[in-house]
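# Descriptive analysis of the structure
What follows is each chain in one-letter form.
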Amino acid sequence: MMEAVKPNLTAGARAREVERQAALAKGMFETNFSRRLHLMKVSAPLFVAEGSGINDNLNGWERAVSFDAAGPGEDAPIRLEVVQSLAKWKRLAARYYDFGPGEGLYTDMRAIRRDEEVGPLHSYLVDQWDWEKVITREERHTGTLQAAVALIYEALKETEAELAVLYPELAPVLPDAISFMTTQELENRYPGLTPKEREHEAARETGAVFLLEVGGKLASGEVHDGRSPDYDDWRLNGDLIVWNPVLGTSFELSSMGIRVDEAALLAQLRESGCEDRLSLPFHRMLMNGELPCTMGGGIGQSRVAMFLLRKAHIGEVQMSVWPGGMAERCRERGIELLNAAD
């Protein structure tokens, strides 16, 4: 049994202890989830070539961070973009590493979200375990997705239980099993609420829920949440959400899905008015049948550590920049954000 962070320690000593606990929680979960999904760890890029179609445009309005890089010799500078996610790159990587069905990869992903509204749940820095697994075309159905979700949830519960042995104050709160619900079922149940309010109610009632089918239009004509049209199949994806007892709110830990095939890509690009992307290298490869069928997703590293360690702000487990006096306001409430430049 280990002792919790002592309140009489100096600020630096408390920060060291939190960093140690966060690294422990992340390491435990990484081991548990990669073992269950049979994934191999690989390296990943921080940036990709601009105009390749590989970078994720998220909800369609976020601006990627781009920069000039010196070309070789007398060549003109080349344009690069810092990744916003690795959703499409991972599918290329699965092909590159020649994985077969049942095999896959995961990696440490770091991204910059320059347009993020920072706060207790969001930072300019995104850190995820990004993973991708090859499946057969016949496995492109909801059952395959739900089986993977259940394995990831088992890994989360196992990590929670392991931490509780070391730190008894971190008593487990997750329910025995995760619930599944489509976004349309959620809209039918709570027609007068906003999508985020519906998520809040679903998480509060179940403790842990996977919301299926994110990105397409609901019966109301609205979308539950924006999703890029060229990686997840909107009929075969979703978000893993738990109830956070510290914050008293729903708390998303992961987004994942079975990736688009040729038909889903074409339909979703048309629905989104993005058919011009069909000329990009990634999309041409997909339409030509040159990419494997895969499923994959991202699991927030700081989000997982924040939840498992019962922290009230993501800045307690992640070093970032917190504008507008946020660190000072948190300190007044007894919440210490990691900030070596403070």
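Quantities reported herein were computed from a predicted structural model and do not represent experimental measurements. (Residues numbered from 1 in each chain as written. Predicted model: local features only at pLDDT ≥ 70, side-chain atom pairs only at ≥ 80, totals over all residues. Heavy atoms only, no water.)

### Focus: the sheet that holds strand β1 (residues 39–41)
- Strand order in the open sheet made by the eight strands is β1-β5-β6-β11-β10-β9-β8-β7, with mixed pairing throughout. Both outer strands of the open sheet, β1 and β7 (179–182), are each paired with one neighbouring strand and no more. Neighbour to neighbour, the strand axes of the sheet diverge by 25° on average, direction disregarded.
- Of the strands in this sheet, β5 (104–112), β6 (125–134), β10 (249–259) and β11 (294–300) touch helix α2 (residues 87–96), which is tilted by about 35° from β6. (Pairing = 2+ DSSP bridges. Helix = DSSP H or I, 4+ residues; strand = E, 2+ residues; numbered from the N terminus. Axes fitted to C-alpha atoms, helices over the stretch in contact; angles between N-to-C directions. Contact = heavy atoms within 4.5 Å.)

### Thoughts on the sheet that holds strand β4 (residues 78–82)
- Strand order in the open sheet formed by three strands is β2-β4-β3, with antiparallel pairing between adjacent strands. Each having just a single partner strand, β2 (47–49) and β3 (66–69) make up the two edges of the open sheet. Neighbour-to-neighbour, the strand axes of this sheet turn through a mean angle of 40°, independent of strand direction.
- Pairing of β2 with β4, which is carried by three bridges, proceeds in the antiparallel orientation. Considered in β4, the bridge of Ala49 is made with Leu80.

### Looking at the environment of Leu309
- Mapping Leu309 onto the fold places it in the loop between α8 (301–308) and α9 (326–332).
- Accessibility expressed as a relative area gives 5% for Leu309, which makes it buried.
- The spacing of Leu309 and Glu158 is 151 residues in sequence and 14 Å in space, taken between C-alpha atoms. (Buried < 20%, exposed > 50% of the residue type's maximum accessible area, 1.4 Å probe, protein only.)

From the geometry alone we can't say anything about function, so treat these as descriptive.
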